[in-house]
Amino acid sequence: MDEESAAVHTTYLKDLIAQNKHNKGAAGQLQRVLNFLGHNPVQKTDNPVRIGVLGASQVATYALIWPAQRIADVEVAAVAARDPKRAADYAKKHGIPVAHGSYQQLVDDPSLTAIYVATPNGLHGEWAEAALRAGKHVLCEKPFTANAEEARLVQSVAAKQRLLCREAFHYKEHPANKAVAQLLQSGAIGQLQQLAVQVLIPAWAFSKDDIRFQARLAGGTMMDAGCYCAHTLRFFPGCSRPHVTSATAGKLMDGGAVDGRMQATLAYPKGSSSSSSSSSSSALGAAAVGKLEADLRHKGLWPRTRFVATGTLGRVEINNFILPSMGHNISITRTLAQPGGPGNKSDCSPDSLGDGLKEQRHSMEVYGSGESNYYYQLTRFISDLRVLEDKQAPKEAKRAVQRAMDDDARDAIDNMTLIDSIYTAAGLPLRQPTRVAAAAAAAASKAVN
């Protein structure tokens, strides 16, 4: 790395540290929790975007309903579930005006502009596609689809319809994770050598018959905690297509088809950057390695979500990257040359490494305005939707949203491609859409009879 580049990277880090000191405590923990819960709802605009919820799920509550209460230009206007009574009860509980008796009724609702897909995994692609064909913009829960083939199909429909279709990886919208990505891609810790991510969820969190462990619903740890792991190993370094070198599935369930735990190792080839600049690809070392561990049957008492990057000039770690608004820590360790170079004995502090080297340590928290990841995600989604719908929007704004839509498509497809590759390397079958799995099961049953 040349001196000019090093100076730029150091300046960015100094600015980030100074900003952190200035903003620390701007929104305390209690206020951030209240924001997450949708406390102090705002007055809606005269004509907010009306969005419908496919799936009366717990995730829809905190990922859409609560943040929508704090955003003036969006209204959660309808909900549908596989069980009409469940939809009605959910609507009553959350103050949603309309409960539809089926997914199709909600998709066909002419009063809705957008649909949030929060169904079981195996139904994501089917109903995202149906919503798009009905002229609705889509915010789809992760994993985007059952597999990469289905992801390509859904995004091709979105492109033809010229509609927004975004996978809901909310964590990347938070200022803390954006700061970590910027640090790594700017070369603040030199060329990246190893990236490691853990998402470990205690076994008590989900019962063994949970939808996450059902093959017919495209279940599996890699499709849940694992999809975050796959995405972080792409998002943080700015590399869209790492290669899988090995994968091991454990704690198998549902006849051995569903992974309760997954470990994988990735390699980062040259030219795999997803960034429009060359900085992110140049920050990746020639032999950079990614490691992931995802576990929904973890023996620990508490969840653990941690990402660590090691480079030639230091190390960056963020704890609780999935829900940073609820509390997180970013630790940065940089290895610097001391004035005078090798042999300089003037610094005898504990940070001195000898041979003219010194460790510089920083710890910070980045909360921005104190809102949750889901708030930032929904705000951007509604803003982009408004630009698309506004015929009078400036051309540059239109172009910016189109670039975002192109990125959405590539990102969703590339992440599902990586997940597919991990399943293949682990010796497990690719996940299938529920309708495909059901047809295969019916055919097998007929053949036996």
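Above this text is the structure in question.
Residues numbered from 1 in each chain as written. Predicted model: local features only at pLDDT ≥ 70, side-chain atom pairs only at ≥ 80, totals over all residues. Heavy atoms only, no water.

## So, the overall build of the protein chain
Scanning the protein chain from N- to C-terminus turns up 13 helices and 15 strands. Looking at the protein chain residue by residue over its 449 residues, the buried ones come to 53%. Of the contacts formed within the protein chain by residues at least 6 apart in sequence, a portion of 73% connects residues at least 24 apart. Accessible surface computed for the protein chain: about 20,100 Å², of which carbon and sulfur atoms make up 53%. (Helix = DSSP H or I, 4+ residues; strand = E, 2+ residues; numbered from the N terminus. Buried < 20%, exposed > 50% of the residue type's maximum accessible area, 1.4 Å probe, protein only. Contact = heavy atoms within 4.5 Å. Areas by Shrake-Rupley, 256 points an atom, 1.4 Å probe, with all protein chains shown as cover.)

## Digging into the pattern of salt bridges
Scanning all chains against the criterion turns up 26 salt bridges. Between D224 and R212 there is a salt bridge, and its shortest N-O distance comes to 3.1 Å. Within this pair, whereas D224 is found in the loop between β7 (192-202) and α9 (225-235), its partner R212 is found in the loop between β7 and α9, the two being separated by 12 residues in sequence. The exposure class of D224 is partly exposed, given its relative accessible area of 22%. With a shortest N-O distance of 3.1 Å, R403 and E396 are connected by a salt bridge. With relative accessibility at 45%, the residue R403 sits in the partly exposed group. With a relative accessible area of 41%, E396 lands in the partly exposed category. Among the charged side chains, a network of salt bridges with common partners joins R166, E173, R380, D384 and D408. (Salt bridge = Lys/Arg side-chain N within 4 Å of Asp/Glu carboxyl O.)

## Quick word on the sheet that holds strand β5 (residues 137-140)
The pairing of strands in a sheet happens through backbone hydrogen bonds and is either parallel or antiparallel. Overall, parallel pairing links the 6 strands, which are arranged β3-β2-β1-β4-β5-β6 in an open sheet. Each end of this open sheet is capped by a strand with a single partner; those strands are β3 (98-100) and β6 (165-167). Strand-to-strand twist across the sheet, computed as the mean angle between neighbouring axes with direction ignored, equals 25°. Pairing of β5 with β6 involves 3 bridges; the strand directions are parallel. Across the sheet, the residue bridging to C140 is E167, located in β6. (Pairing = 2+ DSSP bridges. Axes fitted to C-alpha atoms, helices over the stretch in contact; angles between N-to-C directions.)

## Re a nonpolar patch on the surface
Together, W204, L301 and W302 make up a nonpolar patch on the protein surface, roughly 460 Å² of accessible area in all. Within the fold, L301 resides in the loop between β10 (284-298) and β11 (304-311). With a relative accessible area of 55%, L301 lands in the exposed category. (Patch = residues over 30% accessible without salt bridge, like charges linked within 9 Å, V, L, I, M, F, W, Y side chains within 5 Å.)

## What about the packing of aromatic side chains?
On inspection of all chains with the given rule, the structure shows 15 aromatic pairs. Arranged with centres 6.3 Å apart and planes meeting at 55°, the rings of F36 and Y374 form a pair that is tilted. In this pair, F36 is assigned in helix α2 (residues 29-36) and Y374 in helix α11 (residues 373-389), connecting sequence segments 338 residues apart. For Y374, a relative accessible area of 4% translates into the label buried. Ring geometry for Y171 against Y228: centres 6.3 Å apart, planes inclined by 65°, an arrangement best described as edge-to-face. (Phe/Tyr/Trp six-rings, centres within 6.5 Å; stacked < 30°, edge-to-face > 60°.)

## Observations concerning the nonpolar core
L54, L184, F307 and I330 are the most contacted members of the largest nonpolar core, which totals 87 residues. Among the nonpolar cores identified, the runner-up in size contains 36 residues, and A56, A63, A118 and I382 belong to it. (Core = buried A, V, L, I, M, F, W, Y, C linked by side-chain atoms within 4.5 Å.)

## Points about the pairing of β10
Side chains on a regular strand alternate between the two faces of the sheet. With respect to burial, β10 is a largely interior element, 11 of its 15 residues being buried. Bridge count for β7 against β10 is 9 bridges, and the pairing is parallel. Residue pairing across strands places Q198 opposite E293, the latter belonging to β10.

## Quick notes on the pairing of strand β9 (residues 261-267)
Here 7 bridges tie strand β8 (residues 243-250) to β9, and the two strands are oriented antiparallel to one another. Across the sheet, the residue bridging to V244 is L266, located in β9.

## What about the packing of helix α3 (residues 58-68) against α11?
Interhelical geometry of α3 versus α11 gives an angle of 70° and a closest axis separation of 9 Å. In terms of orientation, α3 and α11 fall into the roughly perpendicular class. Contacts between α3 and α11 pair Y62, A63, L64, P67 and A68 from the former with Y374, Y375 and L378 from the latter. Class assignment for the residues of the contact of α3 with α11 results in 8 nonpolar, no polar and no charged. (Parallel < 35°, antiparallel > 145°, perpendicular 65-115°, else oblique. Nonpolar A, V, L, I, M, F, W, Y, C, P; charged D, E, K, R; others polar.)

## Things to note about the side chain of E129
Residue position: E129 is located in helix α6 (residues 121-133). Aside from chain neighbours lying at most four places away, what touches E129 is L153, V154, V157 and R435.

## As for helix α7 (residues 148-161)
With 14 residues, α7 should cover 20 Å at 1.5 Å per step; its first-to-last C-alpha distance of 20 Å lies within 8% of that length. Positive phi shows up at R162, right after α7, with a value of about 55°. (Expected span 1.5 Å × (residues − 1).)

## A look at unusual backbone geometry
Note the cis peptide between K142 and P143, where omega equals -5°. With respect to the element layout, P143 can be found in the loop between β5 and α7. Residue A218 is not a glycine yet carries a positive backbone phi of 60°. Looking at where A218 falls in the secondary structure, it is placed in the loop between β7 and α9. One non-glycine residue, K251, lies in positive phi territory at about 50°. Among the secondary structure elements, K251 is positioned in the loop between β8 and β9.

## Quick notes on the environment of L164
Along the polypeptide, L164 turns up in the loop between α7 and β6. The buried category is assigned to L164, whose relative accessible area is 0%. Considering only alpha carbons, one finds L164 and L132, 32 residues apart in sequence, at a separation of 8.7 Å.

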